[in-house]
Amino acid sequence: MRRETNNDRQQRLFVTGLLISAAVGALIGLLWPLWFPADSACETTIPDASFSVPTLAMGGTQLPGEEGAAMKICCLTFDDGPRNSTTGRLLDGLALREVPATFFLVGSYARNNPDTVRRMLDEGHTVGSHSATHKDMTTLTLSEARAEITGFNDEFEQLYGQRPAVFRFPEGVFSEQLLALAANEGMYSVFWSYATVDWDPENQPDPAEALQNALGAAHPGAIYLLHPMATNSEIL
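Let me begin by describing the structure that accompanies this report. (Residues numbered from 1 in each chain as written. Predicted model: local features only at pLDDT ≥ 70, side-chain atom pairs only at ≥ 80, totals over all residues. Heavy atoms only, no water.)

1. Topic: the packing of helix 4 (residues 114–122) against helix 5 (residues 142–160)
Helix 5 packs onto helix 4 with a crossing angle of 85 degrees between their chain directions and a minimal axis gap of 12 Å. Looking at the two axes, helix 4 sits roughly perpendicular to helix 5. Between helix 4, through Pro-114, Val-117, Arg-118 and Leu-121, and helix 5, the contact on the second element is made entirely by Phe-156, Leu-159 and Tyr-160. The residue makeup of the contact of helix 4 with helix 5, split by class, is six nonpolar, no polar and one charged. (Axes fitted to C-alpha atoms, helices over the stretch in contact; angles between N-to-C directions. Helix = DSSP H or I, 4+ residues; strand = E, 2+ residues; numbered from the N terminus. Parallel < 35°, antiparallel > 145°, perpendicular 65-115°, else oblique. Contact = heavy atoms within 4.5 Å. Nonpolar A, V, L, I, M, F, W, Y, C, P; charged D, E, K, R; others polar.)

Shown next, in the form of structure tokens:
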């Protein structure tokens, strides 16, 4: 029997690797529809929690596009403790169109604006955590970072009788360790696929241009990061 050479061994390992890759690819292809059903859009179920990221269509109707095209389902999320001057108008617009949204609040807003927060909850919106004090959590110790999550959750539960299940990192700054920390505290970290410079009340984008840009970025499963400012209130 001919002794196996290094070239033979390398060729055998290469062929074995191709076969394994093909088998794994086929298995993923079979399981993918079970993991991510086609009709789930951006709805993401959290294990062991009766919560899902709200699934919605802007205005509750098909977004502008070719006639007969599939409806683009998107998620609207609002950050940074809404300003009272525009939040009422924003909630009015969402209610008029029967569109649910997710609001990520900081601790001071949840504490100081109970009427607005209760309205969000009563009208079917989801309220999540944007941390207790909106610090860059990558600059904190693990115990301090944990306190940013648990501090908000504990106070919110005491004030409103429910514990948030979704979390958005302040400024979107995170690490794998912080992702694991949030998950260990029962939080689902939510990011975004579209954001715009709309957080400065003194420098708001033009509503018509902002709407056009937002619609242009729409796709099934899109997650919009917005702020409850004058422009977005006018659009809704």
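We are not done yet, so read on.
2. Some details on the pattern of salt bridges
Under the criterion given, the structure shown has seven salt bridges. Between Glu-185 and Arg-146 there is a salt bridge, and its shortest N-O distance comes to 3.3 Å. With Glu-185 in the loop between helix 6 (176–184) and strand 5 (188–189) and Arg-146 in helix 5, the pair connects residues that are 39 residues apart, well separated along the chain. Using a relative accessible area of 35% as the deciding quantity, one classes Arg-146 as partly exposed. When the shortest N-O distance is used, the salt bridge between Arg-163 and Glu-157 registers 2.8 Å. A relative accessible area of 37% places Arg-163 in the partly exposed class. Glu-157 sits in the partly exposed class, given a relative accessible area of 37%. Within the structure, one salt-bridge network assembled from shared partners comprises Asp-92, Arg-119 and Glu-123. (Salt bridge = Lys/Arg side-chain N within 4 Å of Asp/Glu carboxyl O. Buried < 20%, exposed > 50% of the residue type's maximum accessible area, 1.4 Å probe, protein only.)

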